[in-house]
Amino acid sequence: LVRLRARLSRSQNVFGKGLLTLLSRDHLDEEVWEEIEDALIGADVGVDATREIVDRLRERTAVLGTRTAVELRTLLAVELVNALDPGMDRSLRATPHDGTPGVVLVVGVNGAGKTTTCGKIARVLVADGRTVLLGAADTFRAAAAEQLTTWGSRVGAEVVRGPEGADPASVAFDAVRRGIELGVDTVLIDTAGRLQNKVGLMDELGKVKRVVEKHGPVDETLLVLDATTGQNGLEQARVFMEAVDVTGVVLTKLDGTAKGGIVIAVQRKLGLPVKLVGLGEGPDDLAPFEPAQFVDALIG
Ligand code: GDP
């Protein structure tokens, strides 16, 4: 939590600024609502969600007879947590079943942080005493397999890769087969994400999934989104959601944005749980997403 707090400190500034002005008021007036609205929109919460949050906040403060900025801040925190649908299932489905490994597909646009996220997830699982195999099905970007291999040796996971330009589906198939052979708990598959060739990308991901399913079900398809791309990232997300059944989101680079409110927009617009957040480039910079902790870190 301390790390989350420190890393989100930049996000904190955006809300923090609005809240500081708010806290210096001795009574609440109309302007307060505008300030909260500005702070939320400025933090990329999105216009619709902001309006809803502020409307609910107005209602609650009227009912409760809220007078002070401190009370208002507490209510705002409650509304932000509610907007993140705290009851959603955010567990990572990666455990073995019926003698086959749990299979996780990792998808997203190039540069979003897929390969890094695969490495970080592997690290968490291995630290938890589980065995992991990594599949380098991003055969388009030459460096990707290399990068994944580095992560593999760093965390203690075998990596299955094909020759450059190999069919991603065949690498994914081989990875799961090898995972079964070794009896590992989890197979994580890194995929390619060339958005400029939308049809090709969708075909490719669909094929990767179908081929892997010859061995057994895909348990989790994680969409990796770069938090710094803000609302634009949501459009990209839809392309991936059309290609495969995405089951959860990993929001990366939250350490590098002043707009942490994007988490709210992502969940609301995509209807998918944010399961993990990336808070840096290092192996330990991945955290499970906890709405209450997140809001706490965000509004300080
Ligand atoms: P891919 O193309 O989707 O596989 O993306 P990569 O995993 O290669 O990541 C692209 C860049 O983003 C790399 O320089 C990573 O170190 C960096 N990166 C990934 N996740 C995070 C994160 O949570 N925070 C920061 N600051 N950088 C990240």
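Predicted, not measured: the structure shown is a model, and the values here were computed from it.

## Considerations on the overall build of the protein
Move 1: Scanning the protein from N- to C-terminus turns up 12 helices and 8 strands.
Move 2: Rg of the C-alpha trace for the protein: 21 Å, near the compact-globule value of 19 Å for 300 residues, within the 12% margin.
Move 3: Once the C-alpha set of the protein is aligned to its principal axes, its extents read approximately 65 × 40 × 35 Å.
Move 4: By sequence separation, contacts in the protein at least 24 residues apart represent 77% of the contacts at least 6 residues apart.
Move 5: On the protein, roughly 13,000 Å² of surface is accessible, and the fraction owed to carbon and sulfur atoms is 50%.
Move 6: Of the charged side chains in the protein, 35 are positive and 43 negative, and the gap between their average positions amounts to 2 Å.

## Describing the UniProt feature "domain: SRP54-type proteins GTP-binding" (unreviewed entry) in the protein
Move 1: When the UniProt feature table is mapped onto this chain numbering, "domain: SRP54-type proteins GTP-binding" (unreviewed entry) sits at residues 273-286.
Move 2: Segment residues 273-286 splits into 0% helix and 43% strand. End C-alpha atoms: 16 Å apart.

## Looking at the side chain of Asp 285
Move 1: Secondary-structure assignment places Asp 285 in the loop between strand S7 (274-278) and strand S8 (286-288).
Move 2: On the basis of relative accessible area, Asp 285 is assigned to the buried category, the value being 10%.

## Brief notes about the sheet that holds S8
Move 1: Read across the open sheet, the 8 strands follow the order S3-S2-S4-S1-S5-S6-S7-S8; overall the sheet is mixed. Of all strands in the sheet, those with a lone pairing partner are strand S3 (158-161) and S8, marking the two edges. Here the strands of the sheet are splayed against their neighbours by 25 degrees on average, with no regard to which way each runs.
Move 2: Here helix H9 (residues 198-212) sits on the sheet in contact with strand S1 (102-107), strand S4 (186-191) and strand S5 (220-226), set at roughly 175 degrees to S1.
Move 3: Sitting on the sheet, helix H11 (residues 262-270) touches S5, strand S6 (248-252) and S7, and the angle it makes with S6 is about 155 degrees.

## Looking at the packing of H9 against helix H10 (residues 232-243)
Move 1: Closest axis-to-axis distance for the H9/H10 pair is 8 Å, and the angle between their directions is 45 degrees. Looking at the two axes, H9 sits oblique to H10. In the packing of H9 onto H10, the handedness of the crossing is right-handed. Here Lys 198, Leu 201, Met 202, Leu 205 and Gly 206 of H9 come into contact with H10, specifically with Val 239, Phe 240, Glu 242 and Ala 243.

## A look at the nonpolar core
Move 1: Grouped together as the largest cluster of nonpolar side chains are 78 residues, with contacts concentrated most on Phe 15, Ile 36, Leu 134, Leu 251 and Val 266.
Move 2: Top contributing element to this core by residue count: helix H5 (residues 69-83), with 7 residues.
Move 3: Leave out the neighbours within four places in its chain, and Leu 134 touches Cys 118, Ala 122, Leu 148, Gly 152, Ala 157, Glu 158, Val 159, Val 160 and Leu 188.

## Some remarks on the packing of aromatic side chains
Move 1: Per the stated rule, a full pass over the model turns up 1 aromatic pair.
Move 2: Lying across the ring of Trp 151, Arg 154 places its NZ or CZ 4.4 Å from the centre.
Move 3: The ring of Phe 140 is capped by Arg 194, whose NZ or CZ atom sits 4.1 Å from the centre of that ring.

## Overview of the site of the ligand
Move 1: Taken together, 18 residues sit near the ligand, with Gly 111, Thr 115, Thr 116, Asp 255 and Glu 281 positioned nearest.
Move 2: Between the ligand and Gly 113, the relevant distance is 2.9 Å, taken from an oxygen atom to a main-chain nitrogen or oxygen of the residue.
Move 3: Residue Arg 141 places a side-chain N or O atom 3.3 Å away from an oxygen atom belonging to the ligand.
Move 4: About the coverage of the ligand: the protein hides 82% of its 590 Å² of free accessible area.
Move 5: Here the shell around the ligand is built from residues that sort into 3 nonpolar, 9 polar and 6 charged.

## So, the packing of helix H4 (residues 47-64) against H5
Move 1: Where H4 contacts H5, the axes come no closer than 10 Å and their chain directions differ by 135 degrees. As summarised for this structure, H4 and H5 are arranged oblique, according to the angle between their axes. The chirality of how H4 crosses H5 is right-handed. Here Ile 53, Arg 56, Leu 57, Arg 60, Thr 61 and Leu 64 of H4 come into contact with H5, specifically with Leu 72, Leu 75, Leu 76, Glu 79, Leu 80, Asn 82 and Ala 83.
Move 2: The residue inventory of the contact of H4 with H5, partitioned by class, reads 8 nonpolar, 2 polar and 3 charged.

## A look at the side chain of Gln 267
Move 1: Within the secondary structure, Gln 267 sits in helix H11.
Move 2: A relative accessible area of 4% places Gln 267 in the buried class.
Move 3: A polar atom in the side chain of Gln 267 sits 2.9 Å from the backbone oxygen of Leu 84.
Move 4: Looking at Gln 267, its side chain comes within polar contact range of the side chain of Arg 90, at 2.6 Å.

Definitions and limits used
Residues numbered from 1 in each chain as written. Predicted model: local features only at pLDDT ≥ 70, side-chain atom pairs only at ≥ 80, totals over all residues. Heavy atoms only, no water. Helix = DSSP H or I, 4+ residues; strand = E, 2+ residues; numbered from the N terminus. Rg over C-alpha atoms; globule rule 2.2 N^0.38 Å. Contact = heavy atoms within 4.5 Å. Areas by Shrake-Rupley, 256 points an atom, 1.4 Å probe, with all protein chains shown as cover. Lys, Arg positive; Asp, Glu negative; His and termini not counted. Charge placed at Lys NZ, Arg CZ, Asp CG, Glu CD. UniProt positions renumbered as here; feature names shortened; annotations may be inferred. Buried < 20%, exposed > 50% of the residue type's maximum accessible area, 1.4 Å probe, protein only. Pairing = 2+ DSSP bridges. Axes fitted to C-alpha atoms, helices over the stretch in contact; angles between N-to-C directions. Parallel < 35°, antiparallel > 145°, perpendicular 65-115°, else oblique. Left-handed = near helix turned anticlockwise from the far one by under 90°. Core = buried A, V, L, I, M, F, W, Y, C linked by side-chain atoms within 4.5 Å. Phe/Tyr/Trp six-rings, centres within 6.5 Å; stacked < 30°, edge-to-face > 60°. Lys NZ or Arg CZ within 6 Å of the ring centre and 35° of its normal. Near = heavy atom within 4 Å. Polar contact = N/O pair within 3.5 Å; in protein donor to acceptor, adjacent residues only side chain to side chain. Nonpolar A, V, L, I, M, F, W, Y, C, P; charged D, E, K, R; others polar.

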